[in-house]
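Structural overview for review
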Amino acid sequence: MTLPTDLNAPLFDRAKALIPGGVNSPVRAFRAVGGTPRFITRGQGAYIWDANGQRFIDYIGSWGPMILGHGHPAVLQAVHKAIGEGLSFGAPTEREVELAEAILRHLPSMEMLRLVSSGTEAGMSAIRLARGATGRSKIIKFNGCYHGHADALLVKAGSGLATFGHATSAGVPEVVVQDTLVLEYNDVAQLEEAFALHGASIACVIMEPIAGNMNFVRASIPFMRRARELCTRHGALLILDEVMTGFRVALGGAQSLYAQAIPGFEPDLTVLGKVIGGGMPLAAFGGKRAVMEQLAPLGPVYQAGTLSGNPVATACGLATLREVAQPGFYEALARRTRSLIEGLAQAARAEGVALCGDSEGGMMGFFLLPELPRDYPAVLRSDGARFNRLFHGLLDRGVYIAPALYEAGFVSAAHTAEDVEATVAAARKVFAQLAAQ
Ligand SMILES: *Cc1c(COP(=O)(O)O)cnc(C)c1O
């Protein structure tokens, strides 16, 4: 719906003249769903406002970091204080140590970590470390999992297990992805076969434990167990990319949930981002001491960053982690999130629309499909055109979900039962339209 006084469109035109596609990260451009992206002017609690002054209930939350909602007073206070003390020093600060302590306290698989500025950087560095620590070059990733835009990870499957990947982006030479093997998520047999063929040269397996970049697909327990066993047996490192799930699905990350189901389960390396920065550029990777000590300046694996451990970002992250560590935080968040997914499923059922969903902590996903997909090809069976009508119907009614069907959604501690009710009521109207078409 373009209002007569729409201020988003002229902003988008100005942006497009200077910034490729008008955006600084592709999904923001609404290419998948069509229409004009909303230019956001401010956020407070569960809401964001666009240039027209329209209010939206925000289920993107900056793609995950805003677990407390926008403008949480304790976070703002910590950031204001930090800003007054200095923006960046390029020298160590106590706050970096405090943040490391705050993270490691909740993730027993990690004995040491290093702070960086983005999830991409953390994932890329974790892979370099895994290769350096093992002296091997091949890596395994899974179709539909996203680990940032490092060259070696912009890859799709080759034509069989003996052939390695093909680059999915121009500008990535084939030699850079020729050591990346792309397998189907949740396919135990394929993973076994890959290790049988290449086991001695595999440095690491990297995966999202709950894949939020195919909306919401859980690694099955047998799949996770087997991945762990195969890595251990063949001397490869298991890297869990918890950039999205870390401090989002549970205080101990998704790995704490798998550890409940698989006795002794631990990843070798963990990649974190999003929530640990509370909305500022901050990410981390870490794991066992012996592996982490391979990093410069102690070891031969180089890794560095001018703004790494930035004093304002670490203040923001610390204040955020202090809030989420309060007793009962994740239980309440999980209940609210589950109530939204259940509400949506009920509303869809009432209107005769096939919908299924899942959630964990404050992370959720739903599909216009009769049953939950287990891998990327199944996700792709969703009806894109239908999703786009749902997206725009919700947006027009003041509900902002991700503008692409492969993206997870996020509920914050600021979302109230009334917000969930209003969302479900809006969705029911859109489902009725979908059913009529
Ligand atoms: C967001 C995300 C990344 C990339 O993080 P950036 O900060 O955007 O570079 C990596 N892995 C996962 C699982 C993510 O969700």
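The structure displayed is predicted, hence computed values, not measured ones.

**With respect to the pairing of strand E2 (residues 47-50)**
Side chains of E2 alternate between two faces, with Tyr47 and Trp49 and Ile48 and Asp50 buried alike. Relative to E2, strand E1 (residues 40-44) runs antiparallel, the two sharing four bridges. Residue Gly43 lies in a different strand from E2, and its bridge partner there is Ile48. Linking E1 to E2, which pair antiparallel, is a turn of two residues; within it Gly45 sits at a positive phi near 60 degrees. In this sheet, strand E3 (residues 55-58) lies alongside E2 in antiparallel orientation, the contact comprising three bridges. Following the sheet pairing, Tyr47 is matched in E3 by Ile57. Two successive antiparallel strands, E2 and E3, enclose a turn made up of four residues, where Gly53 displays a positive phi of approximately 85 degrees.

**Observations concerning the environment of Arg289**
Looking at where Arg289 falls in the secondary structure, it is placed in helix H9 (residues 289-292). Arg289 gets classed as partly exposed once you look at its relative accessible area, which sits at 41%. Sequence separation of Arg289 and Leu113 is 176 residues, and the distance between their C-alpha atoms is 8.7 Å.

**Description of the packing of aromatic side chains**
In total, this model carries 10 aromatic pairs according to the counting rule given. Relative to Phe391, the ring of Phe30 lies with its centre 5.2 Å away and its plane at 90 degrees, an arrangement referred to as edge-to-face. Here Phe30, found in the loop between helix H1 (8-18) and E1, pairs with Phe391, found in helix H13 (residues 384-396); they are 361 residues apart in sequence, far enough to count as distant. For the pair shown, Phe30 and Phe391 are each scored as buried. Put simply, the rings of Phe142, Tyr185 and Phe223 pair up and form one aromatic cluster. When the ring centre of Trp49 is taken as origin, the NZ or CZ atom of Arg42, which lies over that ring, is 3.9 Å away. Residue placement shows Arg55 over the ring face of Tyr47; its charged tip is 3.7 Å from the ring centre.

**Observations concerning the sheet that holds strand E16 (residues 363-367)**
The strands that make up a sheet pair up through hydrogen bonds in the backbone, lying either parallel or antiparallel. With antiparallel pairing, three strands are arranged side by side in an open sheet as E15-E16-E18. Across the chains shown, the open sheet's two edge strands, defined by having one partner strand only, are strand E15 (356-360) and strand E18 (409-410). By the bridge criterion, five bridges tie E15 to E16 in an arrangement that is antiparallel. Bridge pairing in E16 places Cys356 opposite Phe367. Against the sheet, helix H11 (residues 329-350) makes contact with E15 and E16, and its axis sits at roughly 10 degrees relative to E16, the strand it touches most.

**Considering the domain arrangement of the protein**
Interface extent is often summarised as the accessible area lost during association of the parts. As far as domains go, the protein holds domain 1 (8-71 + 328-436) and domain 2 (73-324). Each of domain 1 and domain 2 was reduced to a C-alpha centroid, and the two centroids are 26 Å apart. At the interface, 32 residues of domain 1 touch 33 residues of domain 2. For the pair domain 1 and domain 2, the summed buried surface comes to about 2,700 Å²; carbon and sulfur atoms form 60% of the total. Joining domain 1 to domain 2, the criterion identifies two salt bridges. Summed over the shared surface of domain 1 and domain 2, the number is 14 residue pairs in polar contact (both at pLDDT 80 or more). Taken together, the elements giving at least two residues each to the side of domain 1 that touches domain 2 come down to H11, E15, E16 and helix H12 (376-379). With five residues, E16 is the largest single contributor of residues to the side of domain 1 that touches domain 2. Classifying every residue of the side of domain 1 that touches domain 2 by side-chain character gives 21 nonpolar, six polar and five charged.

**Some details on the sheet that holds strand E4 (residues 112-116)**
Spatial strand order, E4-E14-E13-E12-E9-E5-E8: seven strands in an open sheet with mixed pairing. The strands lining the two open edges of the sheet, one partner per strand, are E4 and strand E8 (180-183). The average angle at which neighbouring strand axes cross in this sheet is 20 degrees, direction not considered. As judged from the four bridges shared by strand E5 (residues 138-142) and E8, these two strands associate in the parallel manner.

**Examining the environment of Phe265**
Inspection of the secondary structure assignment puts Phe265 in the loop between helix H8 (253-261) and strand E13 (269-272). Residue classification places Phe265 among the buried positions, given a relative accessible area of 5%. A C-alpha to C-alpha distance of 19 Å links Phe265 and Val243, two positions 22 residues apart in sequence.

**Structural notes on H1**
For H1, the set of buried residues is Asn8, Phe12 and Ala15. Buried positions in H1, seen along its axis, are confined to an arc of 65 degrees and lie on one side of it. Exposed residues lying more than 90 degrees from the buried face of H1 are Arg14, Ala17 and Leu18. Contact partners of the buried residues in H1: E2.

The rules behind these values
Residues numbered from 1 in each chain as written. Predicted model: local features only at pLDDT ≥ 70, side-chain atom pairs only at ≥ 80, totals over all residues. Heavy atoms only, no water. Buried < 20%, exposed > 50% of the residue type's maximum accessible area, 1.4 Å probe, protein only. Helix = DSSP H or I, 4+ residues; strand = E, 2+ residues; numbered from the N terminus. Pairing = 2+ DSSP bridges. Phe/Tyr/Trp six-rings, centres within 6.5 Å; stacked < 30°, edge-to-face > 60°. Lys NZ or Arg CZ within 6 Å of the ring centre and 35° of its normal. Contact = heavy atoms within 4.5 Å. Axes fitted to C-alpha atoms, helices over the stretch in contact; angles between N-to-C directions. Domains from an automatic or database assignment. Buried area = accessible area lost by both parts, 1.4 Å probe. Salt bridge = Lys/Arg side-chain N within 4 Å of Asp/Glu carboxyl O. Polar contact = N/O pair within 3.5 Å; in protein donor to acceptor, adjacent residues only side chain to side chain. Nonpolar A, V, L, I, M, F, W, Y, C, P; charged D, E, K, R; others polar. Arc of directions from axis to C-beta.

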